[in-house]
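# Structure at a glance
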Amino acid sequence: MGSGVVLGLGGNVDFEVEWDAQILQALMRDCEISAAECEATPRIVEDERGMLVAILHAIRHQKGMEVRVTDPQALRSFAERFSYTMTLGGTSVRAAICLDRLGVGSLVHLVSTCQELRDLLPDRVRYVSSAREDSLDPHVIIQYPAAPDLHFLDGSPVWEGAREVGAGEGRPNRLIFVNDPANERMAISPDLAEPIASAQVVVISGLNAMTSEELLARRLDVVERMLAQVPSEQQGRDCLLPPPGFAGRPVIYEEAGFHHEHLRQQVLASARRWATIHSMNEDEAQHYLGRRVSMTEPEDLVSLMKSLRVLSGVRNVVVHTADYAAVMGEDAQAVAKAAAVGCQMASTRFAYGDDFTAEDFRAMARVAYSPVGLYLTASPVVRKAGVHIAPSHAVKIADPTTIGLGDAFVGGMVLALSHERG
C-alpha cells in the first residue's frame, strides 16, 4: 500500500454555496444585524444568525475564516437557502485532487466516508480510512466577492473600504462552516503506518477541528510514532526526528483555523518534533501575531516572518498569499523552489477551477508574475533578512474563487518535493 505521497489526516464533503447578495441582504434585514455585532472574531457560533454575523465580520475585516456551528441542522438549512455544489474538501483531499489533474497518484487518510465521497474521489487517489460506517456531515463554504454590495439597517456598507477613497477593490475570500464529529474525533487508522513509513513526502493537516485536549494528545502521539518510523530509503543509516533538512523526507504541517484556540499550541508543540515545514496562509500567520500587518511592505513582511520563526519553532516557515509565498528557515532555498510550484498550482486552480488540465498547469508558467510578488522578490530588505519569495502568477478573471487555493498550493509543493526525491 506504499505511496510516494501521503496526505492526512481528514477529508469531507463540501457544500460550496453560490454567492447571492439579495438573499444575504434579506437575511440581514430579518435578523436585524448591526455593525457593532460584527467586530469580534467568532470561532464558534450557534445557528444561522451566527453564521451570518461571521460572514459579515469576515467581509468587514477582509479575511477568511473557519467557524464551528453548534447546531448541525443550521449548516444544511443555511446552504439550502442558496444554490450550492457538492465537492470534496479538506487540505489532504483537495491537494490530492490537484495532483490527480497532473496524472500523479497519492494516498489520503480519511476519517469519514460516504457514497458521495467515493463517487467524487478520483481513481488515482487511493485512501485508508478509520471510519467504521458511512456518514455525511458537510462543510458549508461561502465565497464572498471582492466588493460585496451589502449594507446594515442604517445604510452603512458592510465593508468600510467601500466608502474609503483609495481603499482599492478589496479581495475575495471564503468562510468554512463545520460541525463534523468524525473530524473532531480524528481517529487514525493503523493502516496509515505502512504508507507513511515508505512515503517520500508527508502532509499532516486537519487537527484544527478537534475539540478534546486529551483526545488530541492521543492522536498526536500516534502521528509522532508513525512519523518516527525510519523511511525505507534511510534504513541502515542515521535518521533523526525530525530529519536533518531533507536528508530524511519532508513532512509538511499545514496550519488551519482552530475552533478552540488553546489546542493550536498543543499541536504546534508536537509539530516541532516532526515537521520540516510549517505552512500557513496570511490570515493564519497574522492570527499568530495577534494583529494585522501589511503583507505588501518589505519591513512588515520581514518582521512577520522573523516572529513566526520564533513562534513556530519548525525548521522552515512558509506563508502563502494571493501574490506570493514567503519562506524563511534552515532549508529556505529548497523550500522556496517547492513553493514556486505551489504558487503555480494555486494560480492554475484560481484561473481554471477544479477542471484544470496538465496543459493549463504548464501554460501558467508562462504567465507574468504578480507585481507585488516581484516587488518583494527584489526588495533588499527582504533579501538581507533571508526571506525567500516565490511570486504567484498575475491571473485576472471575472469570477474568481479562493476556495481550495491554499490546498492547491500544498499540492504544488508536494509535487515539487516528491519530484526532487524521485
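Only a predicted model underlies this, so the values are computations on that prediction, with no experimental measurement involved.

### Notes on the pattern of salt bridges
On inspection of all chains with the given rule, the structure shows 20 salt bridges. Ionic pairing is found between Arg 81 and Glu 48, a salt bridge with its closest N-O pair at 2.6 Å. Residue Arg 81 is found in the loop between α3 (72-79) and β5 (84-89), and its partner Glu 48 is found in helix α2 (residues 48-60); the two are separated by 33 residues along the sequence. One salt-bridge network, in which partners are shared between bridges, spans Asp 14, Glu 16, Arg 94 and Asp 407.

### Side note on the sheet that holds strand β6 (residues 106-110)
Pairing in this open sheet of nine strands is mixed, and the strands run β7-β6-β1-β10-β11-β12-β13-β14-β15 from one edge to the other. Only two strands of the sheet have a single partner each, and these edge strands are β7 (125-129) and β15 (388-391). Sheet twist, expressed as the average angle between the axes of neighbouring strands with direction ignored, equals 20°. One ladder, built from three bridges, connects strand β10 (residues 201-204) with strand β11 (residues 251-254); its direction is parallel. By the bridge assignment, Val 203 is partnered in β11 with Ile 252. Contacts between helix α10 (residues 282-289) and the sheet are confined to β12 (277-281) and β13 (316-320), with β12 contributing the most and set at about 105° to the helix.

### Digging into the environment of Arg 264
On the secondary structure map, Arg 264 appears in helix α9 (residues 262-274). Arg 264 sits in the buried class, given a relative accessible area of 2%. Here the alpha-carbon distance between Arg 264 and Asn 173, two residues 91 residues apart in the chain, equals 22 Å. Setting aside residues up to four positions removed in sequence, Arg 264 forms contacts with Glu 255, Ala 256, Phe 258, His 287 and Tyr 288.

### Section: the pairing of strand β9 (residues 173-178)
With six of six residues buried, β9 is to be regarded as a mostly interior element. The two faces of β9 match: Asn 173, Leu 175 and Phe 177 on one face and Arg 174, Ile 176 and Val 178 on the other face are all buried. Here four bridges tie strand β4 (residues 65-69) to β9, and the two strands are oriented parallel to one another. The partner of Val 67 across the bridge, within β9, is Phe 177. Pairing of strand β8 (residues 139-144) with β9, which is carried by five bridges, proceeds in the antiparallel orientation. In the sheet register, Tyr 144 faces β9, and the bridge partner there is Asn 173.

### Comments concerning the pairing of β10
Burial of the side chains of β10 extends over both faces: Val 201 and Val 203 are buried on one face and Val 202 and Ile 204 on the other. Bridge analysis of strand β1 (residues 5-8) against β10 gives four bridges, and the strand direction is parallel. Its bridge partner being in β10, Val 6 is matched across the sheet by Val 202.

### A few points about the confidence of the model for the protein chain
On average, residues of the protein chain score 91 in pLDDT, and 92% of them are at 70 or above. Low confidence marks residues 162-168, where pLDDT is under 50. Its contacts with residues over four positions away, or in another chain, come to five contacts. The low-confidence segment residues 235-241 (pLDDT under 50) makes eight contacts with residues lying over four places distant or belonging to another chain.

### Overview of the packing of aromatic side chains
Going through the model one piece at a time under the given rule, you end up with four aromatic pairs. A ring pair is formed by Phe 78 and Phe 82, whose centres lie 5.2 Å apart and whose planes are at 45°; its orientation type is tilted. The buried category is assigned to Phe 82, whose relative accessible area is 8%. Pairing Phe 78 with Phe 177 gives two aromatic rings, centres 6.5 Å apart and planes at 55°, and the pair type is tilted.

Conventions we followed
- Residues numbered from 1 in each chain as written.
- Predicted model: local features only at pLDDT ≥ 70, side-chain atom pairs only at ≥ 80, totals over all residues.
- Heavy atoms only, no water.
- Salt bridge = Lys/Arg side-chain N within 4 Å of Asp/Glu carboxyl O.
- Helix = DSSP H or I, 4+ residues; strand = E, 2+ residues; numbered from the N terminus.
- Pairing = 2+ DSSP bridges.
- Axes fitted to C-alpha atoms, helices over the stretch in contact; angles between N-to-C directions.
- Contact = heavy atoms within 4.5 Å.
- Buried < 20%, exposed > 50% of the residue type's maximum accessible area, 1.4 Å probe, protein only.
- pLDDT = per-residue confidence, 0-100.
- Phe/Tyr/Trp six-rings, centres within 6.5 Å; stacked < 30°, edge-to-face > 60°.

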